[in-house]
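One letter stands for each residue in the lines below.
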Amino acid sequence: HVGQLVVAGPRNATSPPEYPDLGVDVPFSMRLWGLNLTLEDRLAVVLGESDCEFASVGSEGSPTSGFEVYEPKTLHAGGASISWEVTAPSVAGDFTVCWGPGAGAPFSTVIARGTAALRLDCEVAEDWEPVLDPATGEPLCSKTCGRGYRTFQRPILQAPAGGGVACPPEIERIRYEVCNDH
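Heads up: these notes are all about the structure in this document.

Calculation criteria
Residues numbered from 1 in each chain as written. Predicted model: local features only at pLDDT ≥ 70, side-chain atom pairs only at ≥ 80, totals over all residues. Heavy atoms only, no water. Disulfide = S-S within 2.5 Å. Helix = DSSP H or I, 4+ residues; strand = E, 2+ residues; numbered from the N terminus. Buried < 20%, exposed > 50% of the residue type's maximum accessible area, 1.4 Å probe, protein only. Core = buried A, V, L, I, M, F, W, Y, C linked by side-chain atoms within 4.5 Å. Contact = heavy atoms within 4.5 Å. Phe/Tyr/Trp six-rings, centres within 6.5 Å; stacked < 30°, edge-to-face > 60°. Pairing = 2+ DSSP bridges.

### A look at the state of the cysteines
Linking two cysteines covalently via their sulfur atoms produces the bond known as a disulfide.
Inference 1: Tallied over the entire structure, the rule returns three disulfides.
Inference 2: Disulfide pairing is shown between Cys52 and Cys98; the S-S distance is 1.9 Å. Measuring the twist about the S-S bond at about -70°, one finds the Cys52-Cys98 disulfide to be left-handed. Taken together, the residues Cys52 in the loop between β4 (42-47) and β5 (67-70) and Cys98 in strand β8 (residues 93-100) connect sequence positions 46 residues apart. Exposure class is identical for Cys52 and Cys98. Each is buried.

### Looking at the nonpolar core
Inference 1: Among the nonpolar cores identified, the biggest contains 18 residues, and Leu43 and Val97 are the most heavily contacted of them.
Inference 2: Put simply, the parts of the chain that give this core at least two residues each are β3 (27-35), β4, β7 (81-87), β8 and β9 (109-117).
Inference 3: For Val97, the contacting residues outside a window of four places in its chain are Phe28, Met30, Leu43, Ala44, Val45, Cys52, Thr109, Val110, Ile111 and Ala112.

### A few points about the packing of aromatic side chains
Inference 1: What the rule picks out here adds up to one aromatic pair.
Inference 2: Ring centres of Phe28 and Phe95 lie 6.2 Å apart, and the angle between their planes is 45°; on these two criteria the pair is classed as tilted. Taken together, the positions of Phe28 in strand β3 and Phe95 in strand β8 put the pair 67 residues apart, joining distant regions of the chain. Here Phe28 and Phe95 have matching classes, each one buried.

### Considerations on the sheet that holds strand β12 (residues 148-153)
Where strands meet in a sheet, backbone hydrogen bonds hold them as pairs that are either parallel or antiparallel.
Inference 1: Across the sheet, which stays open at both edges, the three strands sit in the order β11-β12-β14 with antiparallel pairing between neighbours. Only two strands of the sheet have a single partner each, and these edge strands are β11 (129-130) and β14 (174-179).

### Quick notes on the pairing of β8
Inference 1: Most of β8 sits inside the fold, with six of its eight residues counted as buried.
Inference 2: Judged from the six bridges that link them, β4 and β8 form a sheet pairing that is antiparallel. Across the sheet, the residue bridging to Leu43 is Trp99, located in β8.

Structure representation (structure tokens):
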């Protein structure tokens, strides 16, 4: 008997998922599948882009700020998968989620990358604006002769970001009026 090799850790970590446009301080769930995962495993959410090659908080080469460590919530199927509840950073910007195998062991694997954005709700203009003819700058009528329709819209002033309230659908931001009705 020469020794024992125990393989553990997440699989398919070669192409980590992206979490674009999460709000700052927004909680999200992560579930990893792998071999011999345990409730000792940890995740770290690190501000910016990281290669996740650091031992622990405060160790040489570890981030000194913008660093949060999470313990798993649930172990599934005897270590075949594990779940965490984590939170996006409290400041806007890119972040990296790193996995570490067990308490005290070095973080070693990039699990995910994301961007935390300030929460911005959709903002739509109060007033209805006519759709203008690009050549003349005058309001367009669907017909130059006879009864037609003029289109009015409420433009989007601010698109939502960071999990903000979505904009109303286009059908709710457009109306029509009769024109050339003579």
